Structures are given as C-alpha cells and as structure tokens.
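# Descriptive analysis of the structure
Chain by chain, the residues:
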Amino acid sequence: MAEKHNQLGQRIRMERRCAGLTQQQLGERIGLTRCPAQRIGQWESGYRLPDPKRLVQIEQALDLTEGTLTAMREAADLKQ
C-alpha cells in the first residue's frame, strides 16, 4: 500500500515541478485554504492520499490528461 501511495506522490511531485509550481501554488490552484503546502507535501510523501475530487483538480491544474492520477489512486486502493 505504502509503495503505491508513494508512486502517486512521486508522480504529483514530478508533474508539479515540471509545471514550475511550488507546493503552495499548486495547493492554492486547487482551492486548498488551510496549509496548502503542508497538504501537498503529505500527498507527495505518500503519507496521505488525495481524495478523487482533489485528484481531478490536480490533473486540471497541471494540465494532465484526465484520469492520469485517478488511475494511480485506484491502483493504490486495490492493493489495500
């Protein structure tokens, strides 16, 4: 489970960095109001998984193909 969470987190980090965004900026783009950088950091480290709604927002904010991150989350959920 942790491995799949970490793979998703690493993908979010890679895509965010490629987009030239900080954790704070990505968090603000997807509407996080409380500690956006901390929440993004938790996702990127694999400590927590973003919910499916947030994954869609992240995909949109990073100009990713719809379902790219969602499929990774679903794979992580199946491994639990």
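In the block above lies the structure referred to throughout.
Here's a quick rundown of the structure.

Basis of the calculations
- Residues numbered from 1 in each chain as written.
- Predicted model: local features only at pLDDT ≥ 70, side-chain atom pairs only at ≥ 80, totals over all residues.
- Heavy atoms only, no water.
- Helix = DSSP H or I, 4+ residues; strand = E, 2+ residues; numbered from the N terminus.
- Buried < 20%, exposed > 50% of the residue type's maximum accessible area, 1.4 Å probe, protein only.
- Areas by Shrake-Rupley, 256 points an atom, 1.4 Å probe, with all protein chains shown as cover.
- Core = buried A, V, L, I, M, F, W, Y, C linked by side-chain atoms within 4.5 Å.
- Contact = heavy atoms within 4.5 Å.
- Salt bridge = Lys/Arg side-chain N within 4 Å of Asp/Glu carboxyl O.

## What to know about the overall build of the protein
Check the secondary structure of the protein and you find five helices and zero strands. Listing every helix and strand of the protein by position from the N terminus yields α-α-α-α-α. Burial analysis of the protein (80 residues in total) assigns 39% to the buried set. Of the roughly 4900 Å² of accessible surface on the protein, 45% is carried by carbon and sulfur atoms.

## Section: the nonpolar core
In this structure, Ile12, Leu26, Ile30, Ile58 and Leu69 are the most contacted members of the largest nonpolar core, which totals 16 residues. Listed by contribution, the elements that provide at least two residues to this core are helix H1 (2-18), helix H3 (36-45), helix H4 (52-61) and helix H5 (68-78). Leucine 26 has contacts with Ile12, Arg16, Leu21, Ile40, Ala61 and Leu62, leaving out every residue within four places of it along the chain.

## Observations concerning the side chain of glutamate 15
Take glutamate 15: it is sitting in helix H1. Here glutamate 15 is in contact with Leu62 and Leu64, once residues within four sequence places are set aside.

## As for unusual backbone geometry
For cysteine 35, which is not glycine, the phi torsion reads 50° and is therefore positive. A relative accessible area of 47% means that cysteine 35 is categorised as partly exposed. With a phi angle near 55°, aspartate 63 is a residue other than glycine that sits in the positive phi range. With respect to the helices and strands, the residue aspartate 63 is situated in the loop between H4 and H5. Using a relative accessible area of 73% as the deciding quantity, one classes aspartate 63 as exposed.

## Details of the pattern of salt bridges
All told, the structure shown has three salt bridges when counted by the stated rule. Among the salt bridges present, the one from glutamate 15 reaches arginine 11, with a minimum N-O distance of 2.8 Å. With glutamate 15 and arginine 11 both in helix H1 and four residues apart, this pair spans about one turn of that helix. Close ionic contact of arginine 13 with glutamate 44 constitutes a salt bridge, the shortest N to O distance being 3.5 Å. With arginine 13 in helix H1 and glutamate 44 in helix H3, the pair connects residues that are 31 residues apart, well separated along the chain. A relative accessible area of 25% places arginine 13 in the partly exposed class.

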